[in-house]
Structures are given as C-alpha cells and as structure tokens.
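A structural walkthrough
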Amino acid sequence: MSEYFIHLAIVCLLYFILAQSFNLSFGLGRLLNLAHVASYALGAYTVALLTTDYYDFFSPYFYTPETFGEVSGSYILFCIFCGTAISTLFAYLIGVISFKLSNDYFAIGSIAYSAIIIALITNWKELTNGVLGVSGIPRPNVLNYSYQENSVFLTGLV
C-alpha cells in the first residue's frame, strides 16, 4: 500500500472518530452540538505543544529514549492525559454555561464556542504557529514499539 493511501486512511479514521462523537450528541442526545471540534482541537494542540515546545521543561521527570526524534511512552501518556484533561475542562465549562440553552440557541452557543477556540488557535502565532500549525512533532515510542512508519499508526488505529 502506498504512503498516500496509508495517510488517507489515517485521516479518514480520524474523521470517523469525530463523526462518531457528533453522532453521540446529535444522534442519541438530539442536541446539535458543534463544540466537539473545538474540544478535539484543544486536546490535539495540548499534546502537540507538550511534545514539542514544552518537552525540555517536563522531560527531566520522564525517561527519555536514546533514539533521536522519539518520545518515551510514559511521557506521551502524560501528554495524552494532559490533552484529555484540558479538553474535558473546557468542555465542562462550556457545558455549564450552555446548560440552560435549548434547541437552536444551544447550536448557536456551541458554534460560537468553536469559533472562539478556532480563532484563538489560528491567531495566537507565538504559541501555535498560526495557520501553519505545530511543526516537528516527534514520533512516540511506547513499550519499545516505535511509530516511525505511518503504516504502524494505521495498524494501531484499526
């Protein structure tokens, strides 16, 4: 399988995860919630920033591998936990604020929250590098299992 199709399959599976989160809120809960995209973005940017810009700050507390360009499994799990915590905190805050809204007003409130988060991520160039995004995200190394190839990511997702 070529690298292009592997990358395309990974992106499709990530969008499938987002579609399922939308299905939980709209399909089962009958709420047009458009804030899950902002929660996903907050978690992803938190993990990306912790593994790139703030790696030197937190790395003394974790085992660092000898191979260049990889992040140890314990540190990547810490980053995933922090991304989940930040995403959950902001989702809880928007949930408390929009708890009394219903139907169309809830949809407008959730899309406004998403627009604010996306505007912050896009325009805070010193932190997120603007529309170019965070670059140089290292590949994880979990339990001596290296994710250097995209095919390993695909087989790990499926």
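Residues numbered from 1 in each chain as written. Predicted model: local features only at pLDDT ≥ 70, side-chain atom pairs only at ≥ 80, totals over all residues. Heavy atoms only, no water.

Moving on, we get to the overall build of the protein. A tally of regular secondary structure across the protein gives seven helices and three strands. Secondary structure elements in the protein, listed N-terminal to C-terminal, are α-α-α-β-α-α-α-β-β-α. Expressed as a percentage of the 158 residues in the protein, the buried residues total 32%. As presented, the protein carries roughly 10600 Å² of accessible surface, and 70% of it is formed by carbon and sulfur atoms. (Helix = DSSP H or I, 4+ residues; strand = E, 2+ residues; numbered from the N terminus. Buried < 20%, exposed > 50% of the residue type's maximum accessible area, 1.4 Å probe, protein only. Areas by Shrake-Rupley, 256 points an atom, 1.4 Å probe, with all protein chains shown as cover.)

The biggest cluster of nonpolar side chains holds eight residues, and these are A35, A38, A41, L42, I94, Y113, I117 and I121. Contributions of two or more residues to this core are made by α2 (36–51) and α5 (103–123). For I121, the residues in contact, after removing those within four places along its chain, are A41, Y45, T128 and G130. Ranked by size, the runner-up nonpolar core spans six residues in total, among them L50, Y55, Y75 and C82. (Core = buried A, V, L, I, M, F, W, Y, C linked by side-chain atoms within 4.5 Å. Contact = heavy atoms within 4.5 Å.)

Even without being glycine, N129 reaches a positive phi, approximately 65°. With respect to the helices and strands, N129 occurs in the loop between α6 (125–128) and β2 (139–142). Here N129 falls in the partly exposed class, since its relative accessible area comes to 36%.

For α5, built from 21 residues, the straight-helix expectation of 30 Å at 1.5 Å per residue is met to within 8% by its first-to-last C-alpha distance of 30 Å. Within α5, the full set of buried residues consists of F106, A107, S110, Y113, S114, I117 and I121. For α5, the arc enclosing every buried residue in end-on projection is 130°, short of the 170-degree limit, so these residues lie on one face. Of the exposed residues in α5, those oriented more than 90 degrees away from the buried face are D104, Y105, I108, I116 and N123. (Expected span 1.5 Å × (residues − 1). Arc of directions from axis to C-beta.)

Here we take up the packing of α2 against α5. At a minimum axis distance of 9 Å, the contact between α2 and α5 shows a crossing angle of 30°. It follows from the interaxial angle that α2 and α5 lie roughly parallel. Relative to α5, α2 is oriented so that their crossing is left-handed. Along the contact surface, α2 presents A38, A41, L42 and Y45, while α5 presents Y113, S114, I117 and I121. Looking at the contact of α2 with α5 residue by residue, the classes come out as seven nonpolar, one polar and no charged. (Axes fitted to C-alpha atoms, helices over the stretch in contact; angles between N-to-C directions. Parallel < 35°, antiparallel > 145°, perpendicular 65-115°, else oblique. Left-handed = near helix turned anticlockwise from the far one by under 90°. Nonpolar A, V, L, I, M, F, W, Y, C, P; charged D, E, K, R; others polar.)

Taken as a whole and judged by the stated rule, the model has two aromatic pairs. With a centroid separation of 5.4 Å and an interplanar angle of 70°, the aromatic rings of Y4 and F5 are classed as edge-to-face. According to the relative accessible area criterion, Y4 is exposed, its value standing at 53%. Residue class for F5 comes out partly exposed when judged on its relative accessible area of 48%. Residues F22 and F26 carry aromatic rings whose centres are separated by 5.5 Å and whose planes lie at 20° to one another, so their mutual orientation is stacked. Of the two residues, F22 and F26 are both situated in helix α1 (residues 3–28); the distance of four residues between them amounts to about one turn of the helix. Residue class for F26 comes out partly exposed when judged on its relative accessible area of 38%. (Phe/Tyr/Trp six-rings, centres within 6.5 Å; stacked < 30°, edge-to-face > 60°.)

Read these as spatial facts, not as claims about activity.
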